[in-house]
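Close look at the chain arrangement
Listed here are the chains, written in short residue letters.
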Amino acid sequence: MNSRPDTGASGQEGSTASARPRVVVALVPVVITLVILVGGIGVLEYPAELMLVFAAVVFTVFAACHGIGLDRVLADMGAKIKRALPGILILLSIGMLIGTWMAAGTIPLMIDYGLELIDPSYLYVLSFLVTAIVATFTGTSWGAAGTIGVALLGVATTMDISPAITAGAVVSGAYFGDKLSPLSDTTNMSSLAAGANLYEHIRHMLYTAVPSSVVATVVFLLAGLPIDAGAVDLQVIDSTAAEVRGLFTLSPVLLLPPAVVLAGSIMRKPPLVVLFVSAMTAIVLAVLVQGFSPAEAFAAAVSGFTTDMLPGDVSNTLAELLDRGGLQAMYSSAFFVFCAFFFAAALENSGVLRLLLSRLIGRLRSTGGLVTTTLLSGFAVINGTSNALVTYFLINDLYGTAFARRNLHPVNLSRSMEDSVTITEVLMPWTVSGVFFASTLGVANFDFLPWAVFCWSGIVFSALLAFLSPVTRGFGIRLREPDTGAEPARS
């Protein structure tokens, strides 16, 4: 996927160097952190970066009380940032992509197509399906949301249709592709961490992805049906579309930048190279087709596109749609990564998560209980670390042996990771993906959370399959052969 900075854990070994804290004592920083994150960010809406730093300080103090110094925490933070550098560069590149696609007229062309072709009643379900297709082919949820997602939100805004539902549909579609694409880095890394074959892992995820996507499709279809297409202000739509056509030279050639991304993803070229080539293609189109000077095109790439670059007056409605993108627009998200990794390093070195989660394993007596605990643990850890790769390997370290003892194939564990980690990280406003989607789509996390149906229903279906397996004769639960470890023919 290459859609966010996932890094390896380097601090766990340090957390075992000292006496392990007792469970009751370990709960203290957890409770304090929950108050800081949920209360500070979710309720009081304080800056997420500062809240993460406060929470990191809590765990740093706790780690220091058990023999782990600040120098170890900062060293681990530095290691994480070093490994996350490609992801951070991708984050910045997507900002450049949005700015240049705006200047080239690529996103305005998508908006124009959307205004002309999309029936308002079907905007939600089409937002889900189109974003899912783009994300599956490209393997990046961030790229899908930052391009086609932005255009769809622009269409919704122009039609005066709920941005929260539209954003939820975009997020759901983006993570459908993120979960099932063989090009996705999280899909590859979750299967690697669990020791499962990539394509077996993807096939096994269909047991939860298919019902989740069906539910999402039905929800978005029903949510859009009450919209009266006749009640939509066609004059506003027509005037906005006419204004776009008057300001930009629109032509199918403007689809070259997304074609570059699609082709590069299919050919499995390095994401940074693909994004850069797409942005450069857009800059050329901005100069040759739209008539911008090279300086203006480069400015759109760095500081973002602004309608001040366009000749004549631009309506406030269109300005809100087009004024966005650029490397600088992603600086705050990149800074958030630093704060998140400070928190993740402090959390890991405190040893709290490992202690609390390991105590649960001995009490699990059924497949349903094991899978559900794994799901809840994955959700808790990703919200604590904001780091998928760290979470995958930590969950495998904690639960891998328990899955093997119950004769469960590794694809059950890798699917549980995807359903609880990959597709839920975006829902919380203090995670890296949560910040990216909220800032890119312009909709708060808690506003689109109820409508990100695909992202929270995965946990539900995954737990249901496990609990119902005694009744369904193991439908959706894959077993190993007891003696050889070979998989049975059916799953």
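Rules and cut-offs
- Residues numbered from 1 in each chain as written.
- Predicted model: local features only at pLDDT ≥ 70, side-chain atom pairs only at ≥ 80, totals over all residues.
- Heavy atoms only, no water.
- Helix = DSSP H or I, 4+ residues; strand = E, 2+ residues; numbered from the N terminus.
- Buried < 20%, exposed > 50% of the residue type's maximum accessible area, 1.4 Å probe, protein only.
- Contact = heavy atoms within 4.5 Å.
- Areas by Shrake-Rupley, 256 points an atom, 1.4 Å probe, with all protein chains shown as cover.
- pLDDT = per-residue confidence, 0-100.
- Core = buried A, V, L, I, M, F, W, Y, C linked by side-chain atoms within 4.5 Å.
- Axes fitted to C-alpha atoms, helices over the stretch in contact; angles between N-to-C directions.
- Parallel < 35°, antiparallel > 145°, perpendicular 65-115°, else oblique.
- Left-handed = near helix turned anticlockwise from the far one by under 90°.
- Nonpolar A, V, L, I, M, F, W, Y, C, P; charged D, E, K, R; others polar.
- Salt bridge = Lys/Arg side-chain N within 4 Å of Asp/Glu carboxyl O.
- Expected span 1.5 Å × (residues − 1).
- Bend = angle between axes of the 7 residues up to and from the residue.
- Polar contact = N/O pair within 3.5 Å; in protein donor to acceptor, adjacent residues only side chain to side chain.
- Phe/Tyr/Trp six-rings, centres within 6.5 Å; stacked < 30°, edge-to-face > 60°.

As a further point, take the overall build of the chain. Looking only at helices and strands, the chain has 23 helices and 0 strands in total. In the chain, which comprises 491 residues, the share counted as buried stands at 58%. Residue pairs at least 24 apart in sequence account for 81% of intrachain contacts in the chain once pairs closer than 6 positions are excluded. Of the roughly 19100 Å² that the chain leaves accessible, carbon and sulfur atoms contribute 67%.

Turning our eyes to something else, we now look at the confidence of the model for the chain. With 87% of its residues at a pLDDT of 70 or more, the chain shows a mean pLDDT of 80. Looking across the chain, the model is least confident in helix α1 (residues 12-15), with a mean pLDDT of 41, and most confident in helix α14 (residues 294-302), with 93. Counted against residues more than four places away or in other chains, residues 1-18, with its pLDDT under 50, gives 78 contacts.

Quick look at the nonpolar core now. V171, Y175, F220, F305 and F437 are the most contacted members of the largest nonpolar core, which totals 140 residues. Ignoring anything within four residues of it in the chain, the contact list for F437 reads S141, W142, A145, V171, A174, Y175, V426, G442 and F448.

Following the sequence through the fold, V381 ends up in helix α18 (residues 367-385). Each C-alpha atom, one on V381 and one on R354, is 10.0 Å from the other, the two residues being 27 residues apart in sequence.

Turning our eyes to something else, we now look at the packing of helix α10 (residues 198-224) against helix α23 (residues 453-472). Put simply, α10 and α23 touch, their axes get as near as 8 Å, and they point 135° apart. Classified by the angle their axes make, α10 and α23 are oblique. In this structure, the crossing between α10 and α23 has a hand that is right-handed. Here Y207, T208, A209, P211, S212, S213, V215, A216, V219 and F220 of α10 come into contact with α23, specifically with V453, F454, S457, G458, F461, S462 and L465. Considering only residue class, the contact of α10 with α23 consists of 11 nonpolar, 6 polar and no charged.

One pass over the full model with this rule turns up 1 salt bridge. Between D419 and K179 there is a salt bridge, and its shortest N-O distance comes to 2.4 Å. Note that D419 is positioned in helix α20 (residues 410-422) and K179 in helix α8 (residues 163-180), a separation of 240 residues in sequence. The exposure class of D419 is buried, given its relative accessible area of 0%. The exposure class of K179 is buried, given its relative accessible area of 0%.

Okay, α10 next. Given 3.6 residues per helical turn, the α-helix brings residues three or four places apart onto the same face. Along its 27 residues, α10 runs 36 Å from first to last C-alpha, staying within 8% of the 39 Å computed at 1.5 Å per residue. Of all the bends in α10, the largest measures some 45° and sits at Y207, one to four residues before the proline P211. Put simply, N197 is the residue that caps the front of α10, since its side-chain oxygen is 3.1 Å from the backbone nitrogen of E200.

Tallied over the entire structure, the rule returns 8 aromatic pairs. Between Y175 and F437, the ring centres sit 5.5 Å apart and the planes meet at 40°, which makes this aromatic pair tilted. Placement of Y175 in helix α8 and of F437 in helix α21 (residues 432-441) is noted, with a sequence separation of 262 residues between them. F437 carries the same exposure label as Y175, and that label is buried. Considering the side-chain rings of F292 and F305, the 6.0 Å spacing of their centres and the 75° angle between planes classify their relative orientation as edge-to-face.

Its 18 residues place the ends of helix α3 (residues 48-65) 26 Å apart at the C-alpha level, agreeing with the 26 Å of an ideal helix rising 1.5 Å per residue. Of the residues making up α3, those classed as buried are A48, M51, L52, A55, A56, F59, T60, F62 and A63. Looking one or two residues beyond α3, the residue adopting positive phi is G67, at roughly 90°.

The subject of this paragraph is the packing of α3 against helix α16 (residues 331-350). In contact at an axis separation of 8 Å, α3 and α16 are set at 20° when each is read in the N-to-C sense. Between α3 and α16, the angle falls in the class roughly parallel. As α3 packs across α16, the resulting crossing turns out to be left-handed. Two secondary-structure elements touch here, α3 through A48, E49, L52, V53, A55, A56, F59, T60, F62 and A63 and α16 through S332, F335, F336, C339, A340, F342, F343, A346, L347, N349 and S350. Residues that form the contact of α3 with α16 fall into these classes: 16 nonpolar, 4 polar and 1 charged.

Structurally, the position occupied by F475 is in the segment after α23. By relative accessible area, which is 42% here, F475 ends up partly exposed. As for F475 and L465, which are separated by 10 residues in sequence, their C-alpha atoms are 7.1 Å apart. Not counting chain neighbours up to four residues away, the residues in contact with F475 comprise Y207 and L465.

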